[in-house]
Structure formats: C-alpha cells, structure tokens
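# Structure assessment
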Amino acid sequence: MRQWSKAASKAILAAMVLLLAAGCGSSPSSGDNAEGERVQLTMQAWGNPAELKVYQKALDAFTKENPQIHVKLVPVPSDQYEQKLLTSLQGNRGPDVFYSSEPTMSRLIEAGQVEPLTEFLQSEESYVKVDEFPEGLWGPARKEGEIYGLPPDINPIVLYYNKKVFEEAGVKSPQEYYDDGRWNWDAFREVTGQLKAAGKQGFIMENWWAHWYSWVWSNGGRIFDEQGKFVLNENEPAKEAFTFMHDLVQDGNAVYAGSLPKGQGADAMFMSGQVGMLAAGRWLEPLFTQNKSIEFDYIAFPSNTGKKEPVAVPAAYFAVNSKNPHVKEAMKFVSFYVSKQGQEIRLADGGNAIAAISGADEAIMSKSTIEHTSYLSEARDDGFTHGSNMAYDAQIPGLNKDITEIIDLMFLGKQDAQTTVVKVTEKIRAALK
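The structure reproduced in this document is the subject of the present report. The model shown is predicted, which means the values in this text are computed figures rather than measured ones.

Thresholds, definitions, all that
Residues numbered from 1 in each chain as written. Predicted model: local features only at pLDDT ≥ 70, side-chain atom pairs only at ≥ 80, totals over all residues. Heavy atoms only, no water. Buried < 20%, exposed > 50% of the residue type's maximum accessible area, 1.4 Å probe, protein only. Helix = DSSP H or I, 4+ residues; strand = E, 2+ residues; numbered from the N terminus. Pairing = 2+ DSSP bridges. Right-handed = clockwise from strand over helix to strand, strands pointing away. Axes fitted to C-alpha atoms, helices over the stretch in contact; angles between N-to-C directions. Parallel < 35°, antiparallel > 145°, perpendicular 65-115°, else oblique. Left-handed = near helix turned anticlockwise from the far one by under 90°. Contact = heavy atoms within 4.5 Å. Nonpolar A, V, L, I, M, F, W, Y, C, P; charged D, E, K, R; others polar.

Let's shift gears to the pairing of strand β1 (residues 39-45). Buried residues dominate β1, accounting for 5 of its 7 residues. As paired elements, β1 and strand β2 (residues 69-75) share 7 bridges and run parallel to each other. Of the residues in β2, the one forming a bridge with Q44 is V74. In this fold, β1 hands off to helix α2 (residues 49-65), which returns the chain to β2; that crossover is right-handed. In this structure, β1 lies alongside strand β3 (residues 97-101), joined through 2 bridges in parallel fashion. Counted as the bridge partner of Q44 is F98 from β3.

Written out as structure tokens, the structure reads:
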C-alpha cells in the first residue's frame, strides 16, 4: 500500500508540474504558447454579408502566413453592436479583437479594456508602423502618446455630384469651378440656386458630425481648436458656417434630409435625378456604380478661405481586448489586418472605403471607375476623425447626440443660426465642467 502511495504521489507531483508549465505558457502578459499549439482568436465586427466576406479574406490570408493562429469572425448587427460589445467586455472576456466606433473607443480606453499597442507597433513583428498613418486619423484612439486602436480603413467626406442633372439643367459643374479656382461658398450657392430654378434639389443637407464639422472647417472656422479647446462662442468663421448651413436650407438651395418623407433617402433622390449633390464617404460608390442610368463624380468641399481646408474623416478602430490571453498573437493579427497588405486584400477588388494608409492607394483605387477619386485620398491626408482635438465632442459620452438634437431644430426652421450657436455653446460648456 505504501509503495503504491509513493508512486501515486510522484505521478501527482509530475502532473502538477506539467499543469503549472502549461499555465505559464498561456500567460495573458506573454502570449507565448507551447510548441505547435494553435492559438484561437475571436474577431467581432459589424457589416452586411458582402462586407463580412471581405473581412474573411484578410482572416484567411493571415492564417495562411501564420498557421499557428486561427481567427474566427463573430458578426454582430450594427444596431446591436455597441451594447453587445460593452456588455461582453464588462462581463466575461469578450472578443479578443474587435471593431470600435470613435466615441466608444474613448470609453474603452478610460475603462482599461483595450491593450496599448505602441510598443508592439515599434517591433519587427508588426506588419505596420505608426508613421504610415496620417496624423489626423488617430483621434480618440491615442491618449497621452499611447496608441490603443488602429484604423482599418476610412471614409473621408466629399461631395458627390450627378453629372446628368447638371448638364440637363445647363449648370456649370463643380469641377469646372474648381479648375477655375472658384469652388467656394459663393459658387456653391450659385449652382444650388440654378438647380433649384431648374426644378431640382441642389443639395441634401444631413445632420451629423461629419457634415457640420466639414462646413465649419471649410470657412476656416473651429468649434474646438487644434488643442481640443472649445472656441465656437468666440470664433466668427464657425458662426458664419452655422448661418451658411441655416440659410441654404431656409432659402431652398438645400433640402434637409430630416424633413424628407419616410422612405425617401438622399441616395434614392440622387439616383433618380432629383438632386444635384450630396455629401458622403465612399460607401455610396458601389451603389451608384451599379446604377448604369447615372453618371457621377467626386468634388472636394468648397473652401471659403482660398486654401485647402480639412474635412471630417469617419473611421472605426481595430483594438485588442486587454483581457485577451494571447495578446501578442492578437496584436500581430491587428497589425496585419490594417497594414498595406491587409488593406489591399480587403479592398483591392472594389470597396466602400479607402485605405487608412497611402501605400495601399494604388492597388485599391485602381479598380474605381470614378474620375476624381484623388479627392478622397487628399481628404484623408488633411482631415480629422471624430474624437480628434478638432472634433473633441466624441470624447464626452452623450455630447454628440445633444449637439445633433440642437442643430436639428435649426434645420427644421424652428430656431435661427445665432440661437443654435448659443445653445450648442451652453451644452458643450456644461458637458466640459
């Protein structure tokens, strides 16, 4: 009996040693794994079926290069995405890597739920480096010099214009004004007024951050300055931009999207030839390209200062869960996904966004049939994301929603531009206290 006990004790001791060794091998801090062990990662993202297929291309390409790491795509509908992400991160471990919107990124950093990436990006294992991204894209993903998220691709705001609508109305095109060096607010008022006189809508005015920041910046105005300080109340060019937007709608040169009948969207009006221009990122290009009855092109926002001004750049961020037990492998995958190689794999066959880094432009934009896609890349290089110092409201939970509700009243004709600026000022000051 005693001999059996000694043998059993030795066996138990050996098993404990093996278990301890295995536990050390999967330490969250190291990311090291036993030789030959296959790491399983989960990636949570939003998107329609076509977009999910595009994401999967990058996952498959990464696994081909890194067969010891397998990434499973976990799709979540857009309307449920943020709540499910926050709930899973607060509860158990949540996804290993995931997409995050700009405002959500700030909350995740504050809560310590995303892993710092700066040190890994400087290593030889990273597929991408920090200096490959334009400065304005970091926004809320960088705090106190530390980077917590990477933009996989972006959608700078430009103006779409329907060539046929302009031609049939006998109106000079925005590109002609641009080539003459006169694509400014006066030209915009002129063409939208002429389109209105021809029985068309000149422009669809929408109410969200990317639109009103772009109009404010096009006049050299600031709501927040380059250091993130609130300055709207003392910035005359910004106040002029609110008046300009208000007058476009009230004078009938633009129609407010929020006042359109239910089911009548800006994209449908554009394709049916009812409106000459609208503002959006590249996400509308695939839809418009499939419609062979329309001819369209891009044009930059009209600058009212005589020089190139920044525009808004909607973006998402790709981040690593701080509770992830395989941090090193997750960082390697994230760096691949947003790298030149990863962006080309996802977007080279056409897409609804552009690369976040200029190195991938040639492969991605070569498939586009639109003449002036260069306006997209120029806007990326000079623009700012939501949550950047210049669009700081995304750093404060709920503030953007409050500002949008105030501006909605202006576009609906229920208050003038001056009152709107006063109310926006009061709301932002209260939020900053």
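On we go from here.
On to the packing of helix α9 (residues 209-218) against helix α10 (residues 236-250). Across the interface, α9 lies against α10 with an axial gap of 8 Å and an inter-helix angle of 120°. The orientation of α9 with respect to α10, classified from their angle, is oblique. Considering only the axes of α9 and α10, their crossing is right-handed. Facing α9, whose interface residues are W212, W215 and V216, α10 presents A238, A241, F242, F244 and M245. Here the contact of α9 with α10 is composed, by residue class, of 8 nonpolar, no polar and no charged.

Strand order in this open sheet of 5 strands is β9-β8-β10-β7-β11, and the pairing throughout is mixed. In the strand order of this sheet, the two ends are held by β9 (255-256) and β11 (296-299), each with one partner. Direction of pairing for strand β7 (residues 158-162) relative to strand β10 (residues 275-280): antiparallel, over a ladder of 4 bridges. Across the sheet, residue Y161 finds its bridge partner in β10, namely M277.

As for its position among the elements, F62 is in helix α2. Separated by 274 residues in the primary sequence, F62 and F336 place their C-alpha atoms 7.1 Å from one another. For F62, the contacting residues outside a window of four places in its chain are I69, V71, Y127, K332, F333 and F336.

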